Structures are given as C-alpha cells and as structure tokens.
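The chain contents come next:
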Amino acid sequence: MAVPKTNHQAASPLAPDWLAVPADLNVLHQPLWAGDVDRNGDGELAIDGIPVSELKRQYGTPLFVLSETDFRERARSFSDAFNNAFADICGGVDVYYAGKSFLCTAVVRWVEEEGLRLDTASGGELAVAARAGIPGADVALHGNNKSDAEIHRALDMKLGRIVVDSLDELQRVARIAENRGEQAKVMLRLTPGVHAHTHEFIATAHEDQKFGLSMAEDTTEQAGLSAAEEAVAAATNYPGIDLLGLHCHIGSQIFEPDGFALAAEKLLRFLAAMQEKYSIVMPELDLGGGYGIAYTPVDTPRPAAEIAEAMAAVVRSTCADLGITSPRISIEPGRAIVGSTTFTLYEVGTLKTVRVDAPAVGTAGTAQTTANLLENVTHPRRYVSVDGGMSDNARPVLYDADYSAVLASRTSDAAAQLSRVVGKHCESGDIVVRDVYLPEDVAAGDLLAVPGTGAYCWALSSNYNYLARPGVVAVRDGSARLIVRGETEQDLLNRDMGV
C-alpha cells in the first residue's frame with residue numbers, strides 16, 4: 001500500500017471554489033461512504049472486507065454496491081433518535097422510509113425488520129411492497145395523479161394512509177371508497193409556502209409547483225378559504241373519508257433546520273385552527289423528509305438525533321403555545337437512510353486531456369492577469385470515461401448534482417489532476433462527476449468508485465442508448481449477493497415486438 005503523503009498542489013483555476021486538492025488522494029472522506037468501506041492492506045477499496053476487484057469479477061461493472069449493515073444502522077438511528085426526542089410529546093414517531101429513493105423487496109424487508117414503515121408513490125411501488133409482504137397498515141401512498149386503479153389497490157391492501165394531493169383527488173378517493181362501502185384513511189398534503197434552500201426541482205413547498213394544497217387564501221373562491229381549508233371542510237363531509245391529519249414535504253437535500261421548524265409550526269397552527277373551526281380531531285401530522293447527505297467533502301449533513309431534537313423542540317413549544325395535545329408525528333427519510341450506503345463501481349475506458357481558457361477571475365478565486373489573458377493562458381482538464389453514465393446516474397444532468405470519485409482498484413502516489421468523470425452516452429451532458437481530483441496515472445482498466453449513489457440513481461436509471469441497467473449487490477457479514485439483477489441485452493430485446 002502506498003505511503004500517505006501530504007499534497008501541497010495549488011488548486012486548478014478551473015476548479016469550483018469548494019473543491020480543494022486533497023492532501024492525500026488515497027484517503028477516503030468517511031462521511032461520503034458506508035461505515036464498512038475502507039481500503040484493504042493492498043490499497044484496494046473494500047466493503048466489509050470484500051475487494052472491489054472481486055465484486056467486478058463476479059458481477060461486472062457498472063455495479064451498485066450497497067452495505068446492508070449500514071442501511072440497517074441508519075434506519076435504526078432515525079427510529080431511535082426520533083422516538084427518543086418525541087417520547088414526552090406524542091409517545092414516539094412513525095418513521096416511513098421513502099421508497100422512491102431506492103426500492104426492492106429486500107429493502108422493504110429490512111425496513112420492516114428495523115421497525116420502520118414504508119412510503120410509496122405509485123402502483124408499481126405498491127406491488128413491490130405487496131410482494132415483500134409488509135402489512136398494508138404500515139404503508140403510505142403518495143402521488144399527485146393517482147389513477148383509479150392505484151386508489152383501488154391502496155384500498156385492497158388496506159393501506160394505513162393515502163396522502164391526497166388536491167381537491168379533485170380527494171373527491172375521487174371519497175367516491176371510490178364510498179362505492180366500495182369503505183373508508184379511506186387520508187392525509188392532506190399541504191404546501192406551507194416554506195422555501196427550502198435546495199435545487200428548484202426538488203423544492204416542493206412553494207406555491208408554484210405541482211404538489212399539494214395551498215395554505216394561502218384565495219379570495220376568489222369560497223369567501224377567502226384556502227385550498228387546504230376547502231379540503232379539510234370537504235373531507236369532514238365525505239362518508240368515504242377518514243381524515244387522519246396533515247402532511248407536508250418542503251424539499252430534498254436540505255441541511256438547514258429553519259425550513260423544517262417553520263413548516264412544523266405553520267402546520268400545527270393550521271391543524272389547531274381547523275380542529276376548532278370544524279369540531280374535529282386530526283390525530284396525525286407528517287412532517288416529511290428531505291434531510292441532506294454528503295455528496296462532496298464540503299457537505300455537512302446533520303445527525304439524525306440533532307434533526308429530531310430540533311424538530312421536537314418546535315413541536316413541543318408550539319403545542320404548548322396553542323394549548324393542544326400534539327398529534328402523532330411521522331417523518332419520511334429516504335436519501336438520508338440509503339444514500340450513503342451505496343457506491344457505484346465503474347471501469348475506466350478512454351481518457352483525454354483538453355486545454356480550457358482561463359476565466360478573467362478563476363472559479364477557484366484565482367485572479368488572472370491581463371497579460372495572461374492576452375497570451376490566451378489555458379489550463380488542463382482531463383476527461384475520464386467510464387462504462388456507465390447518465391443511464392445509471394441522471395442526477396448531475398437533472399439537478400447539476402455534484403459527486404465525488406476515488407481510484408478504487410489501487411492506491412497511487414501520482415500528482416492530483418483536475419478531472420471530469422463522464423459516461424459513454426451520446427450526450428455532451430453525460431457527466432457523472434463534474435469536478436474531482438484524481439491521480440495523474442489513472443488509466444484504462446482501473447476501477448473508480450463514486451460514493452453516495454444509493455438514492456435516486458438506480459431509481460432514475462434508464463436504457464438510454466440501449467445500455468442495460470446495472471445490478472445492485474448487497475454486502476453483509478463479509479458476503480455479497482444480488483438484490484436486483486442487472487439487465488442483459490436479451491432483457492431489452494424481449495420487449496421489442498418488431499420481430
């Protein structure tokens with residue numbers, strides 16, 4: 001194994017401000033990785049003792065590699081932290097794992113075994129839940145456009161809650177349930193107008209987007225009632241609706257606590273007002289998820305206990321101020337449980353280095369002199385192509401998401417070079433890691449590992465350019481097993497009905 005060394009290289013003027021040259025390219029920044037990932041005595045990346053070269057030999061690349069041990073520990077940490085923090089308020093918290101982040105039958109079983117519940121967002125996700133055998137009472141169904149078939153399936157499975165997203169949907173759920181002679185257990189998803197500090201496409205509590213019932217008054221309808229209050233009033237009159245309570249979700253990949261606290265306070269005040277006005281009791285309040293994880297060394301996620309204590313303090317003080325008994329609280333972590341459990345393993349293919357014009361003021365904060373500009377000074381950026389890409393990680397092209405990468409098959413004492421890890425698709429935007437320092441001697445055949453790919457990578461995967469989607473391997477107690485089989489070309493051709 002290479003002897004660690006201190007790197008005193010200057011940052012490339014092409015690098016973003018946040019990206020520093022690592023002191024040692026071989027050292028793993030632990031918050032990015034599952035707890036059982038490290039380098040072995042040969043310098044190779046290993047998970048629970050299994051080297052990545054062995055995983056490649058057995059399963060090929062690209063490959064999602066998931067630590068079952070780490071997943072279970074993170075699930076327990078949320079359950080324990082929130083139950084402890086809310087014990088004196090409402091007896092504990094119901095933790096729903098947000099299945100949209102990554103779902104398969106094995107994960108559903110882990111969730112159930114660790115005492116969590118499951119949040120789904122489609123009929124397909126309900127089908128996975130049913131196959132895994134989790135009780136319907138422990139399952140929730142989300143979605144802004146549920147089909148009649150999905151609503152029927154939710155009632156067939158006797159789901160613990162259907163989260164209704166609009167007045168139109170509330171009416172349809174009520175009609176279907178009444179026609180079946182049943183009551184649907186419903187929560188109303190509200191948009192509290194809290195603007196989370198995240199990407200526009202994953203901020204979900206502001207008014208101008210597709211989710212939820214607005215809490216803002218509309219003076220053109222029903223004497224100034226908000227859509228949220230209209231839904232509460234309607235739900236109390238529908239025989240097919242059992243109104244459990246309220247729900248909100250302010251966005252994803254959020255680090256700051258202020259948004260969660262403000263949303264909790266606004267919903268509690270609204271809940272208290274509705275209970276008094278309509279003489280009802282809504283026993284539950286779901287405060288959603290969206291807790292951030294580390295994708296780069298500068299990301300600073302908050303521990304589950306810290307999140308829980310901050311939210312509990314707001315719920316405790318607001319309920320005391322309102323003079324109400326706290327409803328049963330639930331939350332919906334997904335990324336925060338599965339995101340860091342997984343890395344994607346790739347094999348390096350072609351490499352090339354290009355020269356890029358230096359900006360007038362470098363993105364790394366390096367001012368360029370007039371003389372340099374006149375001389376057309378350029379700086380190197382290396383492109384490292386891997387055998388996957390946007391078909392197994394669409395987040396960089398969708399959200400400009402940043403990731404990190406390390407040389408996984410060996411250590412290196414070579415100098416650091418600013419690199420861009422790219423995929424093999426016919427798209428210039430096919431970028432896996434936009435900016436990362438990798439050793440200069442990375443070559444074809446090396447293995448790279450990209451951490452933090454457990455959430456929304458496999459779930460958003462595609463067959464673009466007819467690439468087969470990768471498999472998912474779970475590692476526990478020193479052994480690996482497939483929990484999702486990788487596709488083959490035959491799988492793709494089996495759906496083609498032209499022959």
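Keep in mind that this is a model prediction, so the values were computed, not measured.

Draft legend 1. Highlighting the overall build of the chain. Each helix and strand counted, the chain has 14 helices and 21 strands in total. Rg of the C-alpha trace for the chain: 25 Å, near the compact-globule value of 23 Å for 499 residues, within the 12% margin. By its C-alpha atoms, the chain is 75 × 60 × 50 Å across when sized along the principal axes. For the chain, long-range pairs separated by at least 24 residues make up 72% of all intrachain contacts whose partners lie at least 6 apart in sequence. Accessible area of the chain: about 20,700 Å², with a carbon and sulfur share of 50%. Of the side chains in the chain, 42 bear a positive and 67 a negative charge, and the two mean positions are spaced by 4 Å.

Draft legend 2. Here's a closer look at the pattern of salt bridges. Tallied over the entire structure, the rule returns 33 salt bridges. What you see here is one network of salt bridges that share partners, running through E68, R72, R76, E113, E114, R476, D477 and R481.

Draft legend 3. Quick look at the sheet that holds strand β2 (residues 45–47). If you walk across this open sheet you meet the 3 strands as β1-β2-β3, and the pairing is antiparallel. Single-partner strands in this sheet number two, and they are β1 (37–39) and β3 (50–51). Alignment of β2 against β3, held across 2 bridges, turns out to be antiparallel. Looking at the pairing, I47 lines up with I50 of β3.

Draft legend 4. Focus on the environment of D42. Residue position: D42 is located in the loop between β1 and β2. C-alpha separation for the pair D42 and S409, spaced 367 residues apart in sequence, amounts to 9.3 Å.

Draft legend 5. Spatial organisation of the pairing of strand β11 (residues 241–247). Counting buried residues in β11 gives 6 out of 7 residues, a clear majority hidden from the surface. Note that strand β9 (residues 184–191) and β11 share 6 bridges and pair parallel. What sits directly across from L188, in β11, is L246. The handedness of the β11 to strand β12 (residues 284–286) crossover, carried by helix α9 (residues 258–278), is right-handed.

Draft legend 6. Examining the nonpolar core more closely. By size, the foremost hydrophobic cluster in this structure holds 113 residues, and its most contacted members are F82, F86, Y97, F102 and L188. In terms of residue count, the dominant contributor to this core is α9 (9 residues). For L188, the contacting residues outside a window of four places in its chain are V164, L170, L213, A231, V232, L243, G245, L246 and H247. Judged by nonpolar contacts, the second largest core, of 21 residues, contains V37, L55, L63 and A408.

Draft legend 7. Up close: helix α8 (residues 227–235). Burial runs high along α8: 8 of the 9 residues are buried. In the core, the buried residues of α8 are packed alongside α7 (167–179), β9, β10 (213–214), β11 and α9.

Draft legend 8. A look at the pairing of strand β21 (residues 479–484). Judged from the 5 bridges that link them, strand β20 (residues 471–476) and β21 form a sheet pairing that is antiparallel. Across the sheet, the residue bridging to V472 is V484, located in β21.

Draft legend 9. Structural view of the environment of Y346. Tracing the sequence through the fold places Y346 in strand β14 (residues 342–357). Remark: the alpha-carbon pair of Y346 and D387, spanning 41 residues in sequence, is separated by 6.1 Å. If sequence neighbours within four positions are ignored, Y346 has contacts with T61, P62, V386, D387, G388, G389, D392, V432, D446, L447, L448 and V450. Reaching out from Y346, the side chain makes a polar contact with the side chain of D392 at a distance of 2.4 Å.

Draft legend 10. Spotlight on the packing of aromatic side chains. Going through the model one piece at a time under the given rule, you end up with 10 aromatic pairs. Each member of the aromatic cluster is reached from another via a ring pair, and the members are F78, F82, F86, F260 and Y291. Residue placement shows R189 over the ring face of F211; its charged tip is 4.4 Å from the ring centre. Seen from the ring of Y383, K352 lies directly overhead, with NZ or CZ sitting 5.8 Å from the centre.

Draft legend 11. Up close: the packing of helix α2 (residues 68–85) against helix α4 (residues 105–113). Taken N-terminus to C-terminus, the directions of α2 and α4 make an angle of 40°; their axes are 10 Å apart at the nearest point. Viewed along their axes, α2 and α4 adopt a mutual orientation that is oblique. Helix-helix and strand crossings are classified by hand; for α2 and α4 the assignment is right-handed. In this structure, α2 uses E68, F71 and R72 to contact α4, whose residues at the interface are V107, W110, V111 and E113. In terms of residue class, the contact of α2 with α4 is built from 4 nonpolar, no polar and 3 charged.

Draft legend 12. Region of the structure containing the side chain of D165. Tracing the chain through its elements places D165 in the loop between β8 (161–164) and α7. Lacking a salt bridge, the buried D165 has R189 as its closest oppositely charged neighbour, with an N-O distance of 4.2 Å. A distance of 2.8 Å separates a polar atom in the side chain of D165 from the backbone nitrogen of G212. Every residue in contact with D165, bar those within four places of it in the chain, is listed here: G143, N144, K146, R189, K210, F211, G212 and L213.

Conventions and cut-offs
Residues numbered from 1 in each chain as written. Predicted model: local features only at pLDDT ≥ 70, side-chain atom pairs only at ≥ 80, totals over all residues. Heavy atoms only, no water. Helix = DSSP H or I, 4+ residues; strand = E, 2+ residues; numbered from the N terminus. Rg over C-alpha atoms; globule rule 2.2 N^0.38 Å. Contact = heavy atoms within 4.5 Å. Areas by Shrake-Rupley, 256 points an atom, 1.4 Å probe, with all protein chains shown as cover. Lys, Arg positive; Asp, Glu negative; His and termini not counted. Charge placed at Lys NZ, Arg CZ, Asp CG, Glu CD. Salt bridge = Lys/Arg side-chain N within 4 Å of Asp/Glu carboxyl O. Pairing = 2+ DSSP bridges. Buried < 20%, exposed > 50% of the residue type's maximum accessible area, 1.4 Å probe, protein only. Right-handed = clockwise from strand over helix to strand, strands pointing away. Core = buried A, V, L, I, M, F, W, Y, C linked by side-chain atoms within 4.5 Å. Polar contact = N/O pair within 3.5 Å; in protein donor to acceptor, adjacent residues only side chain to side chain. Phe/Tyr/Trp six-rings, centres within 6.5 Å; stacked < 30°, edge-to-face > 60°. Lys NZ or Arg CZ within 6 Å of the ring centre and 35° of its normal. Axes fitted to C-alpha atoms, helices over the stretch in contact; angles between N-to-C directions. Parallel < 35°, antiparallel > 145°, perpendicular 65-115°, else oblique. Left-handed = near helix turned anticlockwise from the far one by under 90°. Nonpolar A, V, L, I, M, F, W, Y, C, P; charged D, E, K, R; others polar.

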